[in-house]
Amino acid sequence: MAPRQALRGRAGTRPADDRTGDLFGVVPSPPPPPVAPPPRTAPAPRQLWLAVQLTALPLVVVAADTRPRVVVAGEGGVRTLVACNAAALRAGLATGLALNAARVRVPDLQFHERDPLLEQRQLARLARWAQGFTPLVSIEAPDALLLEVQGSLRLMGGLDALVQRATTGLRAQAQPVLIGIAPTPRAALWLARAGEARPVESQASLAGALAPLPLTVTRWPARTLQDCTRLGVATLGELRRLPREGLALRFSPALLDELDEAYGHRPAPRRRYVAPERFEQRLELPVELGSASALLPYCARLLAALEQYLRDRDRATATLMLMLLHRDLRPTCVRLGRVLPTATAVDWQGLLRERLGRAVLAAPVRALLLRSGPAVPAAGASGTLDGCGSGAALAEAEAFALLDRLRARLGEEAISGVCLVPEHRPEAAFRRLRPTPQASRALPGAPTALPATPRPLWLLALPEPLAERDGRPRHAGELQFEAGPERIESGWWEGDEALRDYYVARTLHGARLWIFRVRAGADARRWFLHGVFG
Amino acid sequence: MNRSLEALLAGADVWRARGGGPGATACQPSGWPRLDAELPGGGWPLGTLIELLLPEPGIGELSLLLPALRALAVGPPGQARRWFAWVAPPHAPYPPALAQGGIAADRLLLISAVRMEDRLWALEQTLQSGHCAAVLAWLDRADDRWLRRLKLAAESGQTLTVLFRPRHQQAGGSPASLRLALEPAAAGLDLMVLKRRGGGPVRVHDVLGA
């Protein structure tokens, strides 16, 4: 106990359930909760925190849709839902449900893999937006922001006006959120997660406001929460009524620390979000230029400046945005990306030439603005000049540079890699992905057991219904069966769509086909073409 | 063949119309003995264009290439990543089947390009990069000028480069070093070798047959 009190020092604040501070008459009945260490110190400078809890961040990757769509995460067979759109919620799905179970309830469910990188970017973007309210914005990974707003209240015309502006702004970004306001960041976060939007402005009313919150708002590990349930504790208030020593023995020290932080008995300094460094430079053209290729020499000057900027800081970047500024029209944005970050101007010039070489300008260009993506520390792999990268890493980087060039001209979607997925249904046994060095390291060549029988080298995107005569399938004439049946079923929990008998059949022209007959359901006994052996 | 003739043939100043010797390109055995016997160098030539003419896709053209692709996938240890690029295939190649054939999924690179000009450009880029073990491309039409550019690009590396073209384009000439017309047969594929280095046309029957 002693060290903790010493730690509180100047930053300690007056707890709400301190009998002596009962100015508002909101303190619940005695006995005094033993959890709170007695206050000894003068009040710290007042703080007020606004927590923004994003409730559907994983869904940012999902297109708006009236059909049920969900985002899933987890490995192989135990993938669970981490976010559901409105239609999915209406269909009775909820986060935490296993994907297999969800697909029984909603057979045509659309699902996406979770993309943590995209979520991080989205959160950082929101953090930059939030810096319009206060200089002190902190990211609470993985899906919340904390804003210290006490200092901005006067500027914004009071708390109500500030909250109003923040919620309007968030709504405009189509980002569903919950908001909580409290004198400590953790309390604000917990209130937000509980959906308690009423602001708690004073330290005095904090304990009362936190008391009825369920323990799930803390997101403590499942075991901790189970232990609490076993003790008959369901709310924060009930937890704080337990003897402090008992809690310290029973649970990890982190739990007590978090409680103390929430109630303001322990300082909780927050790391300020600092937007990553970026290069930005504008270049006015001597004359307006109407042809894209005429812009290249000027782009080269900007790229040289970018290289200088990055090298001075020992940095590199993986994305660039070039804005072509016109007199009357909105600027044209040209985005370039590389798999591996680089500082070298020449690397970018090649990509830019591909892009601008084919572009038709909407209007003459009067100025250029080059903006870099986040400047990341230049790693060994990007040390192409001084050769600090090893030979293999260098070759690897060049292998991926090919993809950068292809993407610059053909577009992001035109280039893809694949990985295998352990799934019984043939069409689900692989997935397209963006090839990156990390992705291929995480997914070694053949992580899954391969099917024992031969699979066709071509698979149709969708099984194609086959014509039939006398119950026998046809494809440009009679089919001759060579092998089969192979029964493929993914189990009752997947719905009935994958109960199939597969055969190898040969057409009159000699093509070998992979066809199946549906065993049950709406399409029972019908024949489909699914693949070509080629 | 007597010894002095052998010695003469082994000299660098004698170019033989058929078979090995100087000027022969590196080859990858196709894995089909009857075919290898007819191919100069005993396999698919690397670093040049190979053209396969098909009446329709799916008659066994990939099975024909699979043993060579598998051998290229193994490669020397410690070697950097080399892609297996698929440029504008008619369907999606099915990764589990390729994995069964010994080609790891993380080496596959699928490139889609609708416009023929983009397709040829992508092909040229992949060939010039030297980072592809094999490039398979589907071209329904390509003029001679482009094919010559592609051949130049292919010659800058050691990539197995296979162009799949429709059978009806057999009439037009081609700069490809090796041209084969494929026909389905009772026991696999019949191949018509239309053009090869140092040899006339020849028919190879039942290549995929046991």
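Check the entry above for the structure.
Here is a short report on the structure shown in this document.

**What about the overall build of chain A?**
Step number 1: Looking only at helices and strands, one finds 16 helices and 21 strands in chain A.
Step number 2: The proportion of buried residues among the 534 residues of chain A is 47%.
Step number 3: A fraction of 60% describes how many contacts in chain A between residues 6 or more apart in sequence connect residues 24 or more apart.

**Considering the packing of aromatic side chains**
Step number 1: On inspection of all chains with the given rule, the structure shows 15 aromatic pairs over all chains.
Step number 2: When the centroid spacing of 5.4 Å and the interplanar angle of 90 degrees are considered together, the rings of Phe-400 of chain A and Trp-83 of chain B count as edge-to-face. Highlighted residues: Phe-400 of chain A in helix α15 (residues 391–410) and Trp-83 of chain B in strand β4 (residues 83–87), drawn from two different chains. The same class applies to Phe-400 of chain A and to Trp-83 of chain B, which are both buried.
Step number 3: Ring centres of Phe-430 of chain A and Tyr-94 of chain B lie 5.8 Å apart, and the angle between their planes is 85 degrees; this geometry places the pair in the edge-to-face category. On the criterion of chain membership, the pair formed by Phe-430 of chain A in strand β14 (residues 430–433) and Tyr-94 of chain B in the loop between β5 (92–93) and α4 (95–100) is interchain, its members lying in two chains.
Step number 4: Accessibility expressed as a relative area gives 18% for Phe-430 of chain A, which makes it buried.
Step number 5: Taking the relative accessible area as the measure of exposure, Tyr-94 of chain B reaches 1% and is therefore buried.
Step number 6: The ring of Phe-533 of chain A has Arg-512 of chain A lying over it, and the distance from NZ or CZ to the ring centre is 4.9 Å.

**What about the pairing of strand β8 (residues 160–166) of chain B?**
All names here are of chain B.
Step number 1: Of all the 7 residues making up β8, 6 are buried; the element is thus mostly covered by neighbouring parts of the structure.
Step number 2: Summarising the sheet, strand β3 (residues 48–54) and β8 pair through 7 bridges and their orientation is parallel. Among the inter-strand pairings, Glu-51 is bridged to a residue of β8, identified as Leu-163.
Step number 3: Here strand β7 (residues 132–138) pairs with β8 via 5 bridges, running parallel. Within β8, the position partnered with Ala-137 by the bridge is Leu-163.

**Notes on the pattern of salt bridges**
All names here are of chain A.
Step number 1: A complete count under the given rule lists 37 salt bridges over all chains for this structure.
Step number 2: Close ionic contact of Arg-244 with Asp-260 constitutes a salt bridge, the shortest N to O distance being 2.7 Å. Here Arg-244 is found in helix α11 (residues 244–250), whereas its partner Asp-260 is found in helix α12 (residues 253–263), with 16 residues between them in sequence. Here the two residues Arg-244 and Asp-260 agree in accessibility, since each one is buried.
Step number 3: Note that Glu-482 is salt-bridged to Arg-512, the shortest N-O span being 3.1 Å.

**Digging into the packing of helix α5 (residues 116–129) of chain B against helix α6 (residues 144–155) of chain B**
All names here are of chain B.
Step number 1: One way to put it is that α5 packs onto α6 with a least axis distance of 8 Å and a crossing angle of 20 degrees. Accordingly, the angle class assigned to the pair α5 and α6 is roughly parallel. Between α5 and α6 the crossing geometry is left-handed. Between α5, through Glu-117, Leu-120, Trp-121, Leu-123, Glu-124, Leu-127 and Gln-128, and α6, the contact on the second element is made entirely by Trp-146, Arg-149, Leu-150, Ala-153 and Ala-154.
Step number 2: For the contact of α5 with α6, a count of residues per class yields 8 nonpolar, 1 polar and 3 charged.

**A few points about the sheet that holds β4 of chain B**
Step number 1: Strands sit in the order β14(A)-β13(A)-β6(B)-β4(B)-β7(B)-β8(B)-β3(B)-β9(B)-β10(B)-β11(B) across an open sheet of 10 strands; the sheet is mixed. Only two strands of the sheet have a single partner each, and these edge strands are β14 of chain A together with β11 (202–204) of chain B. Along the sheet, successive strands turn relative to each other by an average axial angle of 25 degrees, direction set aside.
Step number 2: Here helix α3 (residues 61–74) of chain B sits on the sheet and contacts β3, β4, β7, β8, β9 (178–185) and β10 (188–195) of chain B; the angle it forms with β8 of chain B, its principal contact strand, is near 170 degrees.
Step number 3: The sheet strands contacting α6 of chain B are β3 and β8 of chain B, and the helix crosses β3 of chain B at an angle near 130 degrees.

**Section: the side chain of Arg-196 of chain B**
All names here are of chain B.
Step number 1: The topology assignment puts Arg-196 in the loop between β10 and β11.
Step number 2: Given a relative accessible area of 11%, Arg-196 falls into the buried group.
Step number 3: In terms of polar contacts, Arg-196 uses its side chain to reach the backbone carbonyl oxygen of Gly-200, at 2.8 Å.

**Things to note about unusual backbone geometry**
Residues and elements named next belong to chain A.
Step number 1: Going from Ala-141 to Pro-142, the amide bond is cis rather than trans, its omega being 0 degrees.
Step number 2: The residue Pro-142 is located in the loop between β5 (137–140) and β6 (144–148) in this model.
Step number 3: Positive phi, close to 55 degrees, is recorded for Asp-314, a residue that is not glycine.
Step number 4: Assessed through its relative accessible area of 54%, Asp-314 is described here as exposed.
Step number 5: If you check the backbone angles, Ala-476 has positive phi at about 50 degrees while not being a glycine.
Step number 6: Topologically, Ala-476 is positioned in the loop between β17 (472–474) and β18 (480–488).

**Re the sheet that holds strand β3 (residues 80–84) of chain A**
Residue and element names in this part refer to chain A.
Step number 1: Spatially, the 3 strands line up as an open sheet ordered β3-β2-β4, and their pairing is mixed. Strands at the two margins of the open sheet, each flanked by one partner only, are β3 and β4 (110–113). On average, adjacent strands in this sheet sit at an angle of 40 degrees to one another, irrespective of strand direction.
Step number 2: Here strand β2 (residues 69–73) pairs with β4 via 4 bridges, running parallel. By the bridge assignment for β4, Val-71 is matched with His-112.

**Observations regarding the nonpolar core**
Step number 1: If you look at the biggest cluster of nonpolar residues, it comprises 68 residues, and the most contacted ones within it are Trp-44, Leu-64, Trp-86 and Leu-160 of chain B.
Step number 2: Broken down by element, this core gets its largest block of residues, 7 residues, from α3 of chain B.
Step number 3: Both of domain 3 (416–452) and domain 4 (458–532) of chain A provide at least three residues apiece to this core.
Step number 4: Setting aside residues up to four positions removed in sequence, Leu-64 of chain B forms contacts with Ser-30, Trp-32, Leu-35, Trp-44, Leu-52, Leu-182, Leu-189, Leu-191, Val-207 and Leu-208 of chain B.

**Focus: the pairing of β7 of chain B**
Step number 1: Burial runs high along β7 of chain B: 7 of the 7 residues are buried.
Step number 2: The β-α-β motif built from β7 of chain B, the intervening α6 of chain B and the parallel element β8 of chain B has right-handed crossover chirality.

**Some thoughts on helix α9 (residues 222–230) of chain A**
Residue and element names in this part refer to chain A.
Step number 1: Among the residues making up α9, those that are buried are Thr-224, Leu-225, Asp-227 and Cys-228. Buried residues of α9, viewed axially, fall in a sector of 160 degrees; they line one side. Seen from the buried face of α9, the exposed residues on the opposite side, beyond 90 degrees, are Ala-222, Arg-223, Thr-229 and Arg-230.
Step number 2: Looking at the buried side of α9, the elements it contacts are α10 (236–240) and α12.
Step number 3: Phi turns positive one or two residues past the end of α9, at Gly-232, with a value near 80 degrees.

**Notes on the interface of chain B and chain A**
Interfaces are often described in size by the accessible area the parts lose on coming together.
Step number 1: Each partner contributes to the interface: chain B provides 48 residues, whereas chain A provides 47 residues.
Step number 2: Counting the surface lost from both chain B and chain A, the interface buries some 3,900 Å², and carbon and sulfur atoms represent 63% of this.
Step number 3: As a salt-bridge pair, Arg-409 of chain A and Asp-118 of chain B come within 2.8 Å of each other at their nearest N and O atoms.
Step number 4: At the boundary of chain B and chain A, one finds 10 residue pairs in polar contact (both at pLDDT 80 or more).
Step number 5: Counting residues per element, the ones that place at least two in the side of chain B that touches chain A are α3, β4, β5, α4, β6 (108–111), α5, β7 and β9 of chain B.
Step number 6: If one sorts the elements of the side of chain B that touches chain A by residue count, α5 of chain B sits on top with 7 residues.
Step number 7: As paired elements, strand β15 (residues 458–465) of chain A and β5 of chain B share 2 bridges and run antiparallel to each other. Of the residues in β5 of chain B, the one forming a bridge with Leu-459 of chain A is Ala-92 of chain B.

Rules used in this analysis
- Residues numbered from 1 in each chain as written.
- Chains lettered and ligands numbered in written order.
- Predicted model: local features only at pLDDT ≥ 70, side-chain atom pairs only at ≥ 80, totals over all residues.
- Heavy atoms only, no water.
- Helix = DSSP H or I, 4+ residues; strand = E, 2+ residues; numbered from the N terminus.
- Buried < 20%, exposed > 50% of the residue type's maximum accessible area, 1.4 Å probe, protein only.
- Contact = heavy atoms within 4.5 Å.
- Phe/Tyr/Trp six-rings, centres within 6.5 Å; stacked < 30°, edge-to-face > 60°.
- Lys NZ or Arg CZ within 6 Å of the ring centre and 35° of its normal.
- Pairing = 2+ DSSP bridges.
- Salt bridge = Lys/Arg side-chain N within 4 Å of Asp/Glu carboxyl O.
- Axes fitted to C-alpha atoms, helices over the stretch in contact; angles between N-to-C directions.
- Parallel < 35°, antiparallel > 145°, perpendicular 65-115°, else oblique.
- Left-handed = near helix turned anticlockwise from the far one by under 90°.
- Nonpolar A, V, L, I, M, F, W, Y, C, P; charged D, E, K, R; others polar.
- Polar contact = N/O pair within 3.5 Å; in protein donor to acceptor, adjacent residues only side chain to side chain.
- Core = buried A, V, L, I, M, F, W, Y, C linked by side-chain atoms within 4.5 Å.
- Domains from an automatic or database assignment.
- Right-handed = clockwise from strand over helix to strand, strands pointing away.
- Arc of directions from axis to C-beta.
- Buried area = accessible area lost by both parts, 1.4 Å probe.

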